[in-house]
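So the chains spell out like this:
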Amino acid sequence: MKRILLGTLLALPFVISSLPSQASAAEIIARPSVHKPVIVARVHRKLIPAHYETVRRGHKLVRVRVPAHYITVRA
């Protein structure tokens, strides 16, 4: 019984020193901070002040104030 107790008391400092601590350099993982370029789509709205109407000979662009509308255009 005394041998077991003496052996554990002698091994205890080695066990404690082998446990990883927070200041251990082995656990620090250094990842370089790489910033990816952010692509921003430039979008603006454009006012179309007319519309097409169907006539006998095809389509005709009619400029009327009421049916004007916006479209999204990428620049």
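For the structure itself, look to the data block above.
Residues numbered from 1 in each chain as written. Predicted model: local features only at pLDDT ≥ 70, side-chain atom pairs only at ≥ 80, totals over all residues. Heavy atoms only, no water.

Focus on the overall build of the protein chain
Line of reasoning, step 1. In terms of regular secondary structure, the protein chain is built from 1 helix and 4 strands.
Line of reasoning, step 2. Counting from the amino terminus, helix and strand elements in the protein chain follow one another as α-β-β-β-β.
Line of reasoning, step 3. Within the protein chain, contacts between residues at least 6 apart in sequence are counted, and of these 35% link residues at least 24 apart.
Line of reasoning, step 4. Carbon and sulfur atoms make up 62% of the accessible area of the protein chain, which amounts to about 8,100 Å² in all. (Helix = DSSP H or I, 4+ residues; strand = E, 2+ residues; numbered from the N terminus. Contact = heavy atoms within 4.5 Å. Areas by Shrake-Rupley, 256 points an atom, 1.4 Å probe, with all protein chains shown as cover.)

A short note on helix H1 (residues 2-18)
Line of reasoning, step 1. Its 17 residues give H1 an end-to-end C-alpha distance of 25 Å, which sits within 8% of 24 Å, the value for a rise of 1.5 Å per residue.
Line of reasoning, step 2. At Ala11, H1 is bent by approximately 35°, the largest bend along its length, and proline Pro13 sits one to four residues beyond.
Line of reasoning, step 3. Burial runs low along H1: only 0 of the 17 residues are buried. (Expected span 1.5 Å × (residues − 1). Bend = angle between axes of the 7 residues up to and from the residue. Buried < 20%, exposed > 50% of the residue type's maximum accessible area, 1.4 Å probe, protein only.)

Describing the pairing of strand E3 (residues 58-62)
Line of reasoning, step 1. Inspection of the sheet shows strand E2 (residues 51-55) paired to E3 by 5 bridges, in the antiparallel sense. Counterpart to Glu53 in the pairing with E3 is Lys60. (Pairing = 2+ DSSP bridges.)

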